[in-house]
Amino acid sequence: MTKLPTLSTTLDPVTFEVLRNAFVNIVDQMAEQVRRTCYSFVVYNRDFSNALCDAEGNTVAQGNQDLAAHVGTLHYTCKAVIDEFGDDIHPGDIFLINDPYVGGTHFNDTRVLLPIFVDGRLIAWSQANGHWADMGGSVPGSFDVSAREMFKEGIRVPPVKIWRRGEYCRDVARLVAKNTRDPDAIIGDMDAQTQATRIAEREILRLCDKYGVETIITAFAEVQDYVERAIRLRLSELPDGSWETVDFVDQDPAGQEGMIPIRVKLTIRGDEAEFDLSGSHPTIGSIYNCAFGGTFAGIVSGMKTFFPDVPLNAGLYRTVKVVVSDDTIVSARWPVAVSGFVMGFEKIMNAIFELFSALMPERAMACAFNIEYLQTGGYDARGDDRPYFMLYDWLSGGWGGRNGRDGLGVTASCFGVGLMIQPVEGQERLCPVRTDRFEIVTDSAGPGEWRGGVGLDKGGTILDVENCVFSYFCDRERSIVWGIEGGLPARPHGLWLEPPGEEARFLGAVFSNVPVHTGARFWRGTSGGGGYGDPLKRDPQRVLEDVVDDYVSVERARKDYGVVLTVIDEDLAEYEIDETATRAERRRIAAQRKCWLEEDPQQVAERFRTGQLDLYDVIRQYGVICDWGTGELLPNSTRAFRQMMKARSMPYWADEANV
């Protein structure tokens, strides 16, 4: 691995390293303050990030568990406050903002910013961003997938002061909080974030007392310069040229059937990287649009993944140029709905994973699962007071297989691996919802020479509620998690609901404001990661071990990997590889699989509806996308999905003679 560049600073190396690490430690201290004093369960489970910025708003340091979806946006937020208030920034001021159209993410991500002064001189900013569970709007949790404009998404907060020269602006804070469904939690989280910014102020002032203010200001600049030099060195070692790929959001609920493309073109020129997304689809009639801040965060987070040893600050941002067209799904402008920006964000990250996998094959990685949110809101009827409740739940899933290693299973999404999975004990204490099962899912991982990580299922029952509704904010029901270098897809996302006395029905991955009643049962699952490499090249012994571990079934070991196992004792997980049958099965699959992708999709869908094919057969063998509840063929989605498989998988499949 290339070494980081030699320091060229006006600070001595020891002081530089001490301060560089001190800045990160300060941001981590802010995180501890937020988590220990926040009010809401969402923020407590680490849906927050913090930052230290210089006087111009440039990011100096991020913390060790800050979320990828936030880190590329916090400097824009700081600059927006500076632009708005200009000379009207004073000691004792503290600001609030959640505006996604000036570089933020979505309305729930609300930021508190404190300017840090020394002897009347502004030298830095501290910033604490928390995802507030509800910002008002038309549905509990504020994610109405039918919203075409922001007016159904909740309150938009431009840069405002919540503390003015040391005086608390109670009226402003209450104005924001009273526009939400849980104002007490909003005020509590706002206070927690405010105190976190003061932690940073205290620590920066302490460092100024120890080292001198000029040394600290110099260090702010030089840690950014250091990262810039490091990234430019890494980029200069890559070949010049251009590479392109595409990923998809599942659908435009207000439009025709068909997946929505996000196109990414990477161009390396010397020590700079240009990302051109101008070929992406126009904005859609849903919240799954992304303003520029979220797009930029996806780009820098995806790129940073391939340089894990380099610190993260604005020095990296200087090496990146982003090109977008106006009014696309990755460049939405007011008043287009953007609360679901993370769906586009994660597509951008996975596209960049694929592009850099071609440039840095030693770090290659297939597609990771998509984050999903279930938002349940209503009145808790278990007691006489009937308080309003909101269950805001997300799940872990599988990351893609890697060059030489299987993918990580049941892991937080690339939205931010610092995000914790909520403990069900806490959810059940706070909300009238019981979790009945929470388990890893066999066969959920995309097959490959190196398989993806596994996903999971979670199911529950609604207890005593009144006026309760579900909203599900998800994707990858149709743009199913894909493999590369010959690897196969994983499985679709989606939620099933079984009302009392009725049959279960599949609601899919995109819906809002669906009534649910006491006794209703529901379940949903996450995908595993995509496979890396031809699954027929996977060591049969590894397949056997996956079957023993319940990651792969005996049936799919044969269908996906061509490995035929004899069951010795299923209860004791004892199996034996039939080597002769395995060689024959692998030759059979190799000879037929390219033809499977040419079969009539209508006939494949009919065979799925009649039970001749199962879900994994339809997706992994035939590349066909259906409505997974009815079995109805989705022809446009199928066409795009097959094109992806033919580009990412088929060219790398060994023929009959080479398996």
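Residues numbered from 1 in each chain as written. Predicted model: local features only at pLDDT ≥ 70, side-chain atom pairs only at ≥ 80, totals over all residues. Heavy atoms only, no water.

Novice: Looking at this model, I keep getting lost on the pattern of salt bridges. Mind explaining?
Specialist: A side chain of one charge can pair with a side chain of the opposite charge if their charged atoms are brought near each other. Applying the stated criterion across every chain yields a total of 48 salt bridges. A salt bridge links aspartate 225 to arginine 318; the shortest N-O distance between them is 2.8 Å. Taken together, the residues span a long stretch of sequence, with aspartate 225 in helix α7 (residues 213-236) and arginine 318 in the loop between α9 (314-317) and β11 (320-323) at a distance of 93 residues. Between aspartate 475 and lysine 347 there is a salt bridge; the shortest N-O distance is 2.7 Å. Remark: lysine 347 occurs in helix α10 (residues 341-359) and aspartate 475 occurs in the loop between β16 (465-473) and β17 (494-498); sequence separation between them is 128 residues. Judged by relative accessible area, which is 0%, aspartate 475 ranks as buried. The network of salt bridges with common partners includes Glu555, Arg556, Lys559, Asp560, Asp614, Asp617 and Arg620. (Salt bridge = Lys/Arg side-chain N within 4 Å of Asp/Glu carboxyl O. Helix = DSSP H or I, 4+ residues; strand = E, 2+ residues; numbered from the N terminus. Buried < 20%, exposed > 50% of the residue type's maximum accessible area, 1.4 Å probe, protein only.)

Novice: Mind showing me how you'd approach the packing of aromatic side chains here?
Specialist: The geometry of two aromatic rings is summed up by the distance between their centres and the angle between their planes. One pass over the full model with this rule turns up 31 aromatic pairs. A network of ring pairs unites the aromatic residues Phe143, Tyr288, Tyr373, Tyr392, Trp394 and Phe473 as a single cluster. A cation over a ring is seen here: arginine 648 above tryptophan 482, with NZ or CZ 3.7 Å from the ring centre. (Phe/Tyr/Trp six-rings, centres within 6.5 Å; stacked < 30°, edge-to-face > 60°. Lys NZ or Arg CZ within 6 Å of the ring centre and 35° of its normal.)

Novice: Can you walk me through the nonpolar core in this structure?
Specialist: Across soluble globular proteins, nonpolar side chains have a tendency to be buried as a group. Judged by nonpolar contacts, the single largest core of 174 residues is most densely connected at Phe23, Ile204, Phe275, Phe356 and Phe470. Broken down by element, the residue count for this core peaks at twelve residues, all from α10. Apart from residues no more than four positions distant in its own chain, phenylalanine 275 is found in contact with Val264, Lys265, Leu266, Ile299, Met303, Val320, Lys321, Val322, Val323, Ile352 and Phe356. Core analysis: the second largest hydrophobic core is formed by 14 residues, Leu74, Cys78, Ile89 and Ile97 among them. (Core = buried A, V, L, I, M, F, W, Y, C linked by side-chain atoms within 4.5 Å. Contact = heavy atoms within 4.5 Å.)

Novice: Explain unusual backbone geometry to me, please; I cannot follow it from the model alone.
Specialist: Excluding glycine, a negative phi dihedral is what most residues carry, and trans is how most peptide bonds are arranged. In this structure, proline 335 follows tryptophan 334 across a cis peptide bond, with omega equal to 5°. Tracing the chain through its elements places proline 335 in the loop between β11 and α10. Phi is positive for asparagine 467, close to 50°, though the residue is something other than glycine. Tracing the chain through its elements places asparagine 467 in strand β16. Classification of asparagine 467 as exposed rests on a relative accessible area of 64%.

Novice: Help me out: how do you make sense of the sheet that holds strand β19 (residues 510-516) in this one?
Specialist: Adjacent strands of a sheet form backbone hydrogen bonds with each other and so pair up, either parallel or antiparallel. Read from one edge of the open sheet, four strands run β13-β12-β16-β19, paired in antiparallel fashion. Looking at strand neighbours, the two that pair on one side only are β13 (388-394) and β19, the edges of this open sheet. Within the sheet, the average angular offset between the axes of one strand and its neighbour, ignoring direction, is 15°. Taken together, the five bridges between β16 and β19 define a ladder with antiparallel strand orientation. Bridging from a neighbouring strand, cysteine 468 pairs with valine 516 of β19. (Pairing = 2+ DSSP bridges. Axes fitted to C-alpha atoms, helices over the stretch in contact; angles between N-to-C directions.)

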